Amino acid sequence: MSDEIKKGLLGIVVDETTISQVMPDINALTYRGYAVQDLCETCKFEEVAYLVLKGDLPNSIQLNKFKKEERENRNITINLREIIKHMPKRSHPMDVVRTVVSVMGLEDKETSDNSPEANMRKAMRIFAKTPTAIAAFFRARKGKKVIPPKKELSFSENFFYMCFGKVPRKEIVKAFDVSLILYAEHSFNVSTFTARTITSSLSDIHGAITGAVASLKGPLHGGANEEVMHMLKKIKKPENAKKWILDALKKKKLIMGFGHRVYSKGDSRVPTMKKYYLKVAEILKEKKLPKMSQIIETIMIEKKNIHPNLDYPSGPTYHLMKFDTDFFTPIFVMARITGWSAHIMEQHASNKLIRPLSKYSGEKHRKVMLLNQR
Ligand code: SDX
């Protein structure tokens, strides 16, 4: 057995998956064999959610059944709504989401049933209810009345409706839908690997997703989309961008929304998201933000050869859509629940306890002294 340390599991292949393939050499990403860009142009998020969860694109009968099930499961319990209303208003929404998924586990009658059928039903409930809970906190912490979900609306339309009481124009909804498609799945990233690790002890899907949410919150992972916006807010205007980024690089600061463990020549999802970011900015007649984004991107590539990741264009897109900055990562959660659930089910179907080794580097052969001698 080799005792070579691979910190961060860098370059280690730990298992197989049939869910998605990241191909850094050709800057490509496929879900179940379909190019993600094609899915964005051709499908609604619900179709891609079905694909990720069930393995194939639905026909219209399958899609209608899936949509009906999702819409019928959107309501959260009065108990959960009250818990959300009573959460400290200053709580980070990701901590609220983490708690919400955990509470949904307490309320779910099938929590301890890990059969494939029960897992699919539970995945659907988590998928359908989490946006309702997120929107409830979005409004409750501002002292606004919580808006219940509306069955006539699509997944994306309904989320806007529950947050703002209205649905924006269709181009904005499409951009949001595209962001969810792009965020849905990305192989063995930190949060997905967390979910698979939790699952490998034969724990349940609510526990695994609760852990995945905690993992996604960090700024090196999903939390980066919020950090991108904090950075752009600090820079304020395009005229400040060049100086700001050059100073930051001189101070060896980490620039959020840039770099990736797997992609070195750029994130395959960025061109699509950037296109929709620019479209949204154009519709809303916003010029400053995209200008700042472009200046920073150009300098990062020129000076460091480090490319933006998906969080870089998605953060300001959500800002333009009027979502509070600390709700960007919860939106990522809404999409990634599909990927996490698929991985949890895949792990259950072919499980092996995940238990790596460590090399001990602490003190050795110490003598235990009596308490009064220490
Ligand atoms: C996501 O894995 C996935 O698939 C994740 C994800 C998904 O869909 O699930 O794609 C979502 O998590 C995207 C990543 C979001 N995070 C950020 O934007 C945070 C900023 N990025 C970096 O911290 C970093 O690039 C990581 C965390 C994303 C990747 O880290 P690695 O692979 O451990 O690489 P590293 O930190 O060791 O960096 C290697 C070098 C270092 O320089 P040297 O010490 O070798 O001189 O590149 C530099 C780093 O300092 N570098 C950066 C940088 N990213 C890397 N320098 C400045 N700014 C950056 N953003």
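Residues numbered from 1 in each chain as written. Predicted model: local features only at pLDDT ≥ 70, side-chain atom pairs only at ≥ 80, totals over all residues. Heavy atoms only, no water.

### Points about the domain arrangement of the protein chain
Let me state the cut-off plainly: What counts as a domain boundary in this text is fixed by an automatic or database domain assignment. Here, residues are in contact when the closest pair of their heavy atoms is within 4.5 Å. Here the buried area means the combined drop in accessible surface, using a 1.4 Å probe, for two parts upon being joined, counting both sides. Counted as salt bridges are all cases of a side-chain nitrogen of Lys or Arg within 4 Å of a carboxyl oxygen of Asp or Glu. We define a polar contact as two N or O atoms separated by no more than 3.5 Å, with the added condition that, inside protein, one atom must be a possible hydrogen donor and the other a possible acceptor, whereas residues neighbouring each other in sequence contribute only through side-chain atom pairs. The helix count covers DSSP runs of H or I at least four residues long, the strand count covers runs of E at least two residues long, and both are numbered beginning at the N terminus. By the convention adopted, Pro, Cys, Tyr, Trp, Phe, Met, Ile, Leu, Val and Ala count as nonpolar, Lys, Arg, Asp and Glu as charged, and the other residues, Gly among them, as polar.
Per the domain assignment, the segments making up the protein chain are domain 1 (16-220 + 325-349) and domain 2 (224-320). For domain 1 and domain 2, the distance between their C-alpha centroids amounts to 25 Å. If you look at the interface, domain 1 gives 33 residues, while domain 2 gives 29 residues. Taken over both partners, the interface formed by domain 1 and domain 2 buries close to 2600 Å², and the fraction arising from carbon and sulfur atoms is 62%. It is Tyr183, Thr325 and Phe328 in domain 1 that bury the most area against domain 2; as a group they hold 24% of the surface buried on that side. Run the count over domain 1 and domain 2 and you get one salt bridge. If you look at where domain 1 meets domain 2, you find 16 residue pairs in polar contact (both at pLDDT 80 or more). Elements that contribute at least two residues to the side of domain 1 that touches domain 2 include exactly strand E2 (28-31), helix H1 (36-42), helix H8 (170-183) and helix H16 (328-349). Looking at the side of domain 1 that touches domain 2, the element that brings in the most residues is H8, giving nine residues. A class-by-class count of the residues in the side of domain 1 that touches domain 2 yields 18 nonpolar, eight polar and seven charged.

### Examining the pairing of E2
Operational definition: Burial classes follow relative accessibility: with a 1.4 Å probe on protein chains only, a residue under 20% of its type's maximum area counts as buried, one over 50% as exposed, and anything between as partly exposed. Pairing between two strands requires that DSSP report at least two bridges joining them.
With burial as the criterion, each face of E2 is covered, one bearing Ala28 and Thr30 and the other bearing Leu29 and Tyr31. Taken together, the four bridges between strand E1 (residues 20-23) and E2 define a ladder with antiparallel strand orientation. Considered in E2, the bridge of Gln21 is made with Thr30. Here E1 folds back onto E2, and the loop between the two strands holds four residues, one of which, Asn27, carries a positive phi near 50 degrees.

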